[in-house]
Amino acid sequence: MRLIIRPNDRYPHLGLDRRPLAIACGEGWLGILHAFFTEADKVMAAGGSFTLQQVGEKTGGLRVRFDTAGVAPDARRAIDDACRLALARSYHICEVCGRRGRPTNFGGLWKVVCSEHADGEFGEGLHFEGPLNAHDPYFPEADPFVAGRPTVTEYDSAPLIEGWLIEEESEGDPRPWLYGWFFGEPHTSDGEHGHTSPIVQMDDMVPPRWVRTDSRLYRLGIYYPPAEREIRYWAQKLSRRPVPYGEPPGGSDDIEAMLAFLRSSGRLRSTTIDRLEQTYREEPGHVQEVGKVRTT
Ligand SMILES: [Zn+2]
């Protein structure tokens, strides 16, 4: 798979917008790439030029090739270290989906995949079970970037949040949390609306499929843009019942019917509903673009 990243405003010191940037690896590694670009961009803010030559998968790992000019030796070392870290991380993250993975042999072809993707588009693979870091000081369990990612088993058994929304700041805690309708959560009845504890780490896939909070891992279900979500929230709340599993919050996908229901209920100010409706009509109807990443 080829990915195109449009990082012009995100990494202003890397000059990545000087030419189209084609990246030949799976989107499961986008988070690794963004972490590398973030570090390189920080270093390059001091001056000099950075030219990205190539990004791709080679013998299972993520290779990033680049040139620098006019940078101090310690700055270059810092970028080289970030590049080595990206490669080390890639041996532990599924290239397809971004969950925990292992180098896996597909009839001679090495790919880093999770247990789900060990039997998929590349055929049926055999996980490499030996230690990876015999000659390498990198320990994935000591790197929260990797250690916080779910394995397939953990992901499959995690509770689900449908209609999730990020609340950016809450009562003095600068860390965001999520609102949504919960399913399979031990402390919340199925289909009840609630919020999580603060977010520790979130999937870097688009759209994200999991989030780790202070208390636990969740799978993320469907995402609605904020105004549509708020209409669904009120329609669901005024119906006085939890969301049945598998049904959309608000009862259906008929937003017009929900708006009519809200108006007929007499429970919300009509100006509030007017504002909701207007925001909804102006809202882009697609899944929110996270991190300005597009796949082709
Ligand atoms: Zn995977």
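Residues numbered from 1 in each chain as written. Predicted model: local features only at pLDDT ≥ 70, side-chain atom pairs only at ≥ 80, totals over all residues. Heavy atoms only, no water.

Colleague: What exactly am I supposed to notice about the side chain of D41 here?
Modeller: By the secondary structure assignment, D41 is in helix α1 (residues 30–44). No salt bridge is formed by the buried D41; its nearest oppositely charged neighbour, R10, is found at 9.0 Å. (Helix = DSSP H or I, 4+ residues; strand = E, 2+ residues; numbered from the N terminus. Buried < 20%, exposed > 50% of the residue type's maximum accessible area, 1.4 Å probe, protein only. Lys, Arg positive; Asp, Glu negative; His and termini not counted. Salt bridge = Lys/Arg side-chain N within 4 Å of Asp/Glu carboxyl O.)

Colleague: Just checking my understanding: could you explain the coordination of the zinc ion for this structure?
Modeller: The zinc ion binds to the protein through C94 (SG), C97 (SG), C114 (SG) and H117 (ND1), with metal-donor distances spanning 2.1 to 2.3 Å. One can describe the donor arrangement at the zinc ion as tetrahedral, given that its four donor atoms subtend angles of 95 to 115 degrees at the metal. Taken in sequence order, the residues that donate to the zinc ion follow the motif C-x2-C-x16-C-x2-H. Assessed through its relative accessible area of 1%, C114 is described here as buried. (Donors = N, O, S within 2.8 Å, 3.2 Å for Na, K, Ca; no water. Tetrahedral: all angles 85-135°; square planar, octahedral: opposite > 155°, others 65-115°.)

Colleague: How should the sheet that holds strand β15 (residues 217–220) be read in this particular structure?
Modeller: The pairing of strands in a sheet comes from backbone hydrogen bonds and takes either a parallel or an antiparallel form. Here six strands make up an open sheet; going across it, the order is β12-β11-β10-β15-β14-β13 and the pairing mixed. Each edge of the open sheet is held by one strand with a lone partner, namely β12 (192–195) and β13 (199–202). Strand-to-strand, the axes of this sheet are offset by a mean angle of 35 degrees, without reference to chain direction. By the bridge criterion, six bridges tie strand β10 (residues 160–167) to strand β11 (residues 177–183) in an arrangement that is antiparallel. Paired with I166 across the two strands is L178, which belongs to β11. Set on the sheet, helix α5 (residues 226–238) makes contact with β10, β11 and β12; between it and β11 the angle comes to about 45 degrees. (Pairing = 2+ DSSP bridges. Axes fitted to C-alpha atoms, helices over the stretch in contact; angles between N-to-C directions. Contact = heavy atoms within 4.5 Å.)

Colleague: What should I look at first to understand helix α6 (residues 255–265) in this one?
Modeller: Note that an α-helix has 3.6 residues per turn; residues three or four places apart therefore point the same way. If you check which residues of α6 are buried, you get I255, M258, L259 and L262. Along α6, the residues classed as buried sweep out an arc of 100 degrees about the axis, all on the same side. Packed against the buried residues of α6 are α5 and α7 (270–282). The opening residue of α6 is D254, an N-cap whose side-chain oxygen sits 3.2 Å from the backbone nitrogen of E256. The first or second residue beyond α6 is G266, which carries a positive phi of 70 degrees. (Arc of directions from axis to C-beta. Polar contact = N/O pair within 3.5 Å; in protein donor to acceptor, adjacent residues only side chain to side chain.)

Colleague: Explanation requested: the sheet that holds strand β9 (residues 126–127) in the structure shown.
Modeller: Read from one edge to the other, the open sheet built from three strands follows the order β6-β5-β9, with strand pairing classed as antiparallel. Two strands close off the open sheet at either side, each with one partner strand: β6 (109–113) and β9. Inspection of the sheet shows strand β5 (residues 102–106) paired to β9 by two bridges, in the antiparallel sense. In the strand pairing of β9, N105 is matched with L126.

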